[in-house]
Amino acid sequence: MGTKGKVIKCKAAIAWETGKPLCIEEVEVAPPKAHEVRVQIIATALCHTDAHLINPKFKEAFLPVILGHEGAGIVESVGPGVTNFKPGDKVIPLYMPQCRKCKFCLSPLTNFCKKLSLVKNPLVDQELMEDKTSRFTCKGKPIYHFMGTSTFTQYTVVSDINLAKIDDDANLERVCLFGCGFSTGYGAAINNAKVTPGSTCAVFGLGGVGLSAIMGCKVAGASRIIAIDINSEKFTKAKALGATDCLNPRNLDKPIQEVIIEMTDGGVDFALDCAGGPETMRAALDSTIAGWGSCTFIGIDSEMRGLMVSPVELIMGRTINGTCFGGWKSIDSIPKLVTDYKNKKFDLDILVTHTLPFDKINEAFDLMNQGKSIRIVLTF
């Protein structure tokens, strides 16, 4: 390809400061070092997690940074020691690494990997490569990576344990959603909540993650899926994907949890919170049934506020769990999900409301922040 071993100059969107639009800049992307891969990004989607880092309320921001963690592309070149990838391979960068060697990777109980800091917030992890340096430079300054992926750039460099090789005929403008949104919601229902056939479920928040969670509940065989959002325009898609009931808390004369408890004779078996604010987390937990109700937290708000839980709620048999990347062991699972998509096991088209050129990234953020989109795909 003529660029192997050389610095590549290309376009990227850089966040120089919080609360400001991203700037499209020319950046220099260094060649991959040992066990690293340089990838040409073909398509990348936006996720609220990208917006969290540049929210002035987020206390742990590191800048300047190239955001983006929901992308798909083609391998441009590989560094020394890389055996699983070759130039031309279609790939999905993954913020959830899988080294296949640590005690977490070897355990069937989790999809974590020791490479991911197990004490830090995943949002502020993997901001540099393994050698604690960046592969991005702009205007003579090093630029931070984001979640080990940084997909808001024409070329990125990722570790070979943060990358999944996928089928050559995969549609990159759709499978980029496997980098976060779809995998997280769908997997939360199947892998973390472990929704059972015939069960009742409530899904709070009908963005890309919430609609994917509905797909997961349906595939798992739930008999009743209650979809909750403050935007009733999202109900048509929720019903198309399997929701049996749709509720808008703003149109009710009592708290949403009370309505759900009445509808289900005591509460749902499984609640999945994909919105992340303290009020929604509280409502999701309250809407589960005593004895065996399970509440799975998927979304988190940018201020990362806590949730007050009384021990009595847990003594009464409810359980709380959370999910990161939908519980999938990333490198093992993503290629299989791509194959499932090709075999029409689920529909990703319904999640993509807008496709825009990369230069319109700030317009895309506005659409997302105003709640006017489900998933926006940017193409280079």
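Up top is the structure these notes are about.
Residues numbered from 1 in each chain as written. Predicted model: local features only at pLDDT ≥ 70, side-chain atom pairs only at ≥ 80, totals over all residues. Heavy atoms only, no water.

Q: Just to check I follow, could you spell out the sheet that holds strand β11 (residues 224-228) for this structure?
A: Read across the open sheet, the 6 strands follow the order β12-β11-β10-β13-β14-β15; overall the sheet is parallel. Lying at the two open borders of the sheet, with one neighbouring strand each, are β12 (245-247) and β15 (319-322). Across this sheet, the average inter-strand angle for adjacent strands is 20 degrees, counted without regard to direction. By the bridge criterion, 3 bridges tie β11 to β12 in an arrangement that is parallel. In the strand pairing of β12, Ile 228 is matched with Leu 247. (Pairing = 2+ DSSP bridges. Helix = DSSP H or I, 4+ residues; strand = E, 2+ residues; numbered from the N terminus. Axes fitted to C-alpha atoms, helices over the stretch in contact; angles between N-to-C directions.)

Q: Got a minute to help me understand the pairing of strand β10 (residues 200-204) in this structure?
A: Regular strands have side chains that alternate between both faces of the sheet. β10 sits mainly inside the fold: 5 of its 5 residues count as buried. Pairing between β10 and β11: 5 bridges, direction parallel. If you follow Ala 202 over to β11, its bridge partner there is Ile 226. With 4 bridges joining them, β10 and strand β13 (residues 270-273) adopt parallel strand pairing. By the bridge assignment for β13, Phe 204 is matched with Asp 273. (Buried < 20%, exposed > 50% of the residue type's maximum accessible area, 1.4 Å probe, protein only.)

Q: Teacher, can you tell me more about the packing of aromatic side chains here?
A: Between two aromatic rings, the relevant description is the distance of the centres plus the angle of the planes. Across all of its chains, the model carries 11 aromatic pairs by this definition. Centre to centre, the rings of Phe 178 and Phe 182 are 5.4 Å apart; their planes meet at 85 degrees, and the pair counts as edge-to-face. By relative accessible area, which is 0% here, Phe 178 ends up buried. With relative accessibility at 1%, the residue Phe 182 sits in the buried group. Judged by centre distance (4.5 Å) and plane angle (35 degrees), the ring pair of Phe 182 and Phe 346 falls under tilted. Remark: Phe 346 occurs in the loop between α9 (330-342) and β16 (352-357) and Phe 182 occurs in helix α3 (residues 181-192); sequence separation between them is 164 residues. Ring pairs connect the aromatic residues Phe 178, Phe 182, Tyr 186, Trp 328, Tyr 341 and Phe 346, which therefore count as one cluster. (Phe/Tyr/Trp six-rings, centres within 6.5 Å; stacked < 30°, edge-to-face > 60°.)

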